Amino acid sequence: PLRGASIGIIGVGHVGTWVQHFAERLGMRTVLNDPPLLEATGSAVFRPLEEALAADIVTLHVPLERGGPHPTAGMIGEEQFEMMRDGVVFINTSRGGVVDHGALTRAVRRGRTGAVVLDVWPDEPDVDPVLVACADIATPHIAGHSYDGKLLGSVMVFEAFCSWLGRETCLTYTDLLPNMRLEISIRPSGCTPLQCINGIISTAFDIDADDKMMRRMARLRDKKRRQAFASYRASYHPRREFPAWHVDRSALDAEVVRVIDALGFS
């Protein structure tokens, strides 16, 4: 259960802001860390890194910067893992290079982490099988690979090109969405609210399938592993985002409805 848990969000740009939005709607306490935004705004809402690292869940949403005033390459290393509480849930969906993966592997082996979720990897597509084995959930850099996300990105490129040409655009993102209704119906008898929520989410996005594929790829030899990783991302199936799914709420517990509404299900 997430209500009342704390989440340290490191990097509060576009994605980090959405994570904050969802987390707060789920009743979580957010601890935000973003030094460039702190400099730009002076807002006390942005907290020191050590405060974000002390949360129950730590999630990274920073760009990979090797220089400048706020470098992020290797920013999470031995010292930072020592700052985290025992049993921390550590999530990285930003860039593989922001984490010292030797330090992460040692933290996992010492039992410091409660769970590790990795979507990004150093030296992609040359993924380290040892690192994959250390993750509780491992996915092949597909967090942003939803059908909706790729379509919206394509429309943004089209709009920028039209602007460069000095022409009006006659195309919108919603015009291009598939005209199909995706439905989820869960029978809640005999399951807890948390099990119902997991059932709804798993119907919309079977993350276990991506995890299993990642582990199969990690067992391949070097060249085949690299080829498989690149091929899987290039031909990724058309996963839809939560608002595309309509959930039958007629028999659902009020807590289940609250959570799925917070997550954006229709």
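The structure under discussion appears in the preceding block.
Reading guide: rules and limits
Residues numbered from 1 in each chain as written. Predicted model: local features only at pLDDT ≥ 70, side-chain atom pairs only at ≥ 80, totals over all residues. Heavy atoms only, no water. Helix = DSSP H or I, 4+ residues; strand = E, 2+ residues; numbered from the N terminus. Rg over C-alpha atoms; globule rule 2.2 N^0.38 Å. Contact = heavy atoms within 4.5 Å. Areas by Shrake-Rupley, 256 points an atom, 1.4 Å probe, with all protein chains shown as cover. Lys, Arg positive; Asp, Glu negative; His and termini not counted. Charge placed at Lys NZ, Arg CZ, Asp CG, Glu CD. Expected span 1.5 Å × (residues − 1). Buried < 20%, exposed > 50% of the residue type's maximum accessible area, 1.4 Å probe, protein only. Arc of directions from axis to C-beta. Phe/Tyr/Trp six-rings, centres within 6.5 Å; stacked < 30°, edge-to-face > 60°.

Engineer: Residue-level account of the overall build of the protein chain, with values.
Structural biologist: When helices and strands are counted, the protein chain shows eleven helices and eight strands. Relative to the compact-globule value of 18 Å for 266 residues, the protein chain shows a C-alpha radius of gyration of 20 Å, a close match. Within the protein chain, contacts between residues separated by at least 24 positions form 64% of all contacts whose residues are at least 6 apart in sequence. Summing over all exposed atoms, the protein chain offers an accessible surface of approximately 14400 Å²; the carbon and sulfur share of this is 56%. Of the side chains in the protein chain, 29 bear a positive and 33 a negative charge, and the two mean positions are spaced by 6 Å.

Engineer: Describe helix α8 (residues 193–204), listing the residues and the values that go with them.
Structural biologist: Counted at 1.5 Å a residue, the expected span for α8 with its twelve residues is 16 Å, and the 17 Å between its end C-alpha atoms agrees. All of the buried residues in α8 are Cys196, Ile197, Ile200 and Ala204. Down the axis of α8, the smallest arc covering the buried residues is 100°, so these residues share one side. The inward-facing, buried residues of α8 contact β7 (182–184), β8 (245–247) and α11 (254–262).

Engineer: Give a description of helix α7 (residues 147–165) that names residues and reports values.
Structural biologist: Between its terminal C-alpha atoms α7 stretches 27 Å, which fits the 27 Å expected from 19 residues at 1.5 Å a residue. Among the residues of α7, those classed as buried are Asp148, Leu151, Val155 and Cys162. Buried positions in α7, seen along its axis, are confined to an arc of 65° and lie on one side of it. Structural note: α7 exposes Met156, Val157 and Trp164 on the side pointing more than 90 degrees away from its buried face. Of the residues flanking the end of α7, it is Gly166, one or two places downstream, whose phi is positive at about 75°.

Engineer: Give me the lowdown on the packing of aromatic side chains, citing residues and values where you can.
Structural biologist: Tallying each qualifying case throughout the model produces five aromatic pairs. Pairing Phe242 with Phe265 gives two aromatic rings, centres 4.4 Å apart and planes at 15°, and the pair type is stacked. Of this pair, Phe242 sits in the loop between α10 (222–234) and β8 while Phe265 sits in the segment after α11, placing them 23 residues apart in sequence. In this structure Phe242 comes out as partly exposed when scored by relative accessible area, which is 22%.

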